[in-house]
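Listed below, chain by chain, are the residues.
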Amino acid sequence: MAEANSSSNSKFDFKHIESKWKSFWEKEKIYTADLKKKEIYSVDTPPPTVSGAMHIGHTFSYSQQDFIARFQRMFLEGKDGSVFYPFGTDDNGLPTERLIEKTKNLKSKDMSREEFIDLCLKSLKEILPDFIQAWKDLGISCDYNVYYSTIDDNSRKISQKSFLDLYKLKEIYKKEFPTIWCPECQTSIAQAELEDKEEKSLFSTLKFSCGNKDLLIATTRPELLGACVAVFVHPADKKYKNVVGKIAKVPLFDYEVPIIADTSADPDKGTGALMVCSYGDKYDVDAINRYKLVPKIIFDKSGRVNFGEYKGLKVKEARKKILEDLKKENLIVEQKEINHTVNVHDKCGTPIEFATTEQWFIKILDKKRKLIEQGNKIKWYPEFMHKRYDNWVNGLEWDWNISRERHFGVPIPVWECKKCGEVILAEEKELPVDPLQIKKKCPKCKSETKPEEKVLDTWATSSLTPQITSSLIKDKVVVPYSLRPQGHDIIRTWAFYTIVKSYLHSKTIPWKDIAISGNVSLGGEKMSKSKGNVIDPKIIMNKYGADATRFWAAGSKLGNDLDYQEKDLIAGTKMINKLINASKFVFMNLKDYNPKNKPHKLEKIDELFLDKLNILVKECTESFKGYEYSKVKLDVEKFFWSDFCDNYLEIVKKRVYQGEGNAKLSAQFTLYNSLLTILKLIAPIMPFITEEIYQEYFRKNEKEKSIHISSWPEADKKESANHIKILEKLYSIISQVRQEKSLNKKAMNVEIVLTLPKEDYEEIKSVLEDLKNVSNAKAIREGKKFEVEFL
């Protein structure tokens, strides 16, 4: 069938189609939830970080979550259900602050907090419309009227109230402590904001001394020699048994530190002796606290040396200079180049330091068992991602540091009395509040108070997204939500912290299901700007359109990474053209068809075909319910190309052209309903083309104003294994006939006499007339073997 099986020569104007249906969906409020309905499927939508434009990872993961939201919307239609799918932006954090600094060519620290926040808010008003439009262009079916920003008044109020409530519950405390510090961003950060980065470094063995003997210690951080407060050796390490309890002299800096026996020293690493510094890592922090050693702080908060001849040098500069000086003094015994892993800040890639500062913490270390239990109550998709959560919780070593030294963020709503130290909390009616803008007196001693200058970690607000979104609507959507979709890289932050907050505030889980997406790679490598291998989704969508892009995003299982390949977008474009051409052919032959007229009885081949379609509906429904959208894509694509276009359309061609009465009506009924079903099954993945075809051909006969709020196809429960066997045998014979015609260089419409083996003949006896039509056979005979005779 030329009309159904050739590619379209006319270029599909996807830009016009997308613009038309985006306007229609918005005008008709297609994606607005009806919260008065009995069953609400609620999505805790990830608020994208406002740090530039949509990237390919956004395109990938948001498409995948939208497949599920669109399916649920159709599935709940007619079942007294609706989908609550709000949209928000995460714009109170460091990435947004850096974006404003970059675009406005300034530094936040050079301005007052009030001035910088005002600039950020004005800049966000300019940036956000275009930023959000990218999600609309991709066809993400959120209700954009239910919108929040993590820096808007409502979000700040909820975030500050969370702080006050947890403080009153004694779950928040303030402590001066060596905390993880980013010298570049000049703020404290949490354990969850660390990433591992492999770097080349020199492993240098240095000459400490004990009495008149050398005591060799190997280190990658000679710049911390001036911060050394002790030397550790393992109590079972025999080579050091005579020096335990004695004094070691630090090379170059020429001062003495105690030698202590401690099991944290590894006899097999380096020389077996290690220097304890303030502070090289978390183990140093622990060691200094355990032995009550007096710390020597040699770096300021910008990561520069603060004393002596090295004053003003940054960490790496100090390392280089100190190594040069050690070499001059003949204090280096050995050096070798190694690759080792360092902790860096995930926002800027800078190696972290430890700085003694006063910070606010939420207690989590005493709740590890409870947080594991909460994770077990949630269904993880895919299941193996659950292990990442458990590993993170089990590996926690710090309480959650929730304070940051930044301008742009949600202010911590407290004041502290300068005289008596009393902490004064904001009143709920004052929220949202910036303590820097309000003067308060101590209620106890009537003295002046000092406003808290720090702001909350962005995750302290983002961890409240279910509460924030449910506060935006009159009919409250209750926690737990149905679904949290997110990336695997933020299990340790967004997922974990949301579970923490939900447990602390209400002892509930925040959502029933969590769906974790993977990453996009190029040539097997993770995309990154530094590698220059980033694909811009705007360019892809300008070239191929949203549907083809979404079709590509459906190409990997949930949680798996997907390699970007242009051939997948070309396959999506071919699918679009095939849907257009097949729909044109079908409706060319339905001009005299009224969907209200049903055949008295289905022709056998129509019954068989609808039985197979019924199985597809059943499988797709189960796949979508289990978040297996990639299986839906593969199954629908295969059925549409092979069963519908290559076989069924060819089989019924003669009947719809030349047939009459019930035989023709049966074919028309099957064509109409099977095409509509196929469109509905693929609609969550390809929303624009399915809406276009639905509106052009089906809308006049169907009650729903959009395919996306039409009811999901329902599968009946009848068993049809024997029917499928007959249909597959018929397909196989048709394929053999086509092959024979091709091998003999004959036209597909050439007349033949077909001989079938007895077993095949008996199996497809009920559809012999259809086989005659599709193969243009003058006669079909029973014989000993398959044979084609050309007439």
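You'll find the structure just up there.
Below is a short write-up of the structure. (Residues numbered from 1 in each chain as written. Predicted model: local features only at pLDDT ≥ 70, side-chain atom pairs only at ≥ 80, totals over all residues. Heavy atoms only, no water.)

1. Notes on the sheet that holds strand E24 (residues 520-522)
Here is step 1: The three strands are arranged E25-E24-E26 in an open sheet whose pairing can be described as mixed. What marks the edges here is a single partner per strand, and that holds for strand E25 (525-526) and strand E26 (562-563).
Here is step 2: The pairing of E24 with E25 spans two bridges and is classified as antiparallel. Along E25, the bridge assignment pairs Ser521 with Lys526. (Pairing = 2+ DSSP bridges. Helix = DSSP H or I, 4+ residues; strand = E, 2+ residues; numbered from the N terminus.)

2. Structural notes on unusual backbone geometry
Here is step 1: Put simply, Ser278 and Tyr279 share a cis peptide bond, and its omega is 0 degrees.
Here is step 2: Note that the residue after Tyr381, namely Pro382, is joined by a cis bond; omega there is -10 degrees.
Here is step 3: At Lys170, a position not held by glycine, the phi torsion is positive, near 60 degrees.
Here is step 4: Within the secondary structure, Lys170 is located in the loop between helix H6 (153-168) and strand E5 (172-182).
Here is step 5: Lys170 sits in the exposed class, given a relative accessible area of 60%.
Here is step 6: One non-glycine residue, Lys292, adopts positive backbone phi at about 50 degrees. (Buried < 20%, exposed > 50% of the residue type's maximum accessible area, 1.4 Å probe, protein only.)

3. Here we look at helix H7 (residues 282-290)
Structural remark: α-helix, 3.6 residues per turn; residues separated by three or four positions point the same way.
Here is step 1: Along H7, the residues classified as buried are Asp284, Val285, Ala287 and Ile288. The buried residues of H7 all sit within an arc of 170 degrees when viewed along its axis, so they share a single face.
Here is step 2: Measuring from the side-chain oxygen of the N-cap residue of H7 to the backbone nitrogen of Tyr283 gives 3.0 Å; that N-cap residue is Asp281.
Here is step 3: Within two residues after H7, Lys292 carries a phi angle of roughly 50 degrees, on the positive side. (Arc of directions from axis to C-beta. Polar contact = N/O pair within 3.5 Å; in protein donor to acceptor, adjacent residues only side chain to side chain.)

4. Notes on the pattern of salt bridges
Here is step 1: Under the definition given, this model contains 50 salt bridges.
Here is step 2: Between Arg484 and Asp44 there is a salt bridge; the shortest N-O distance is 2.7 Å. Here Asp44 lies in the loop between strand E1 (39-42) and helix H3 (56-76) and Arg484 lies in strand E22 (residues 481-487), a separation of 440 residues in the sequence.
Here is step 3: The partner of Glu373 in a salt bridge is Lys370, and the shortest N-O contact between them spans 3.6 Å. With Glu373 and Lys370 both in helix H9 (residues 368-376) and three residues apart, this pair spans about one turn of that helix.
Here is step 4: Overall, the relative accessible area of 33% leaves Lys370 in the partly exposed class. (Salt bridge = Lys/Arg side-chain N within 4 Å of Asp/Glu carboxyl O.)

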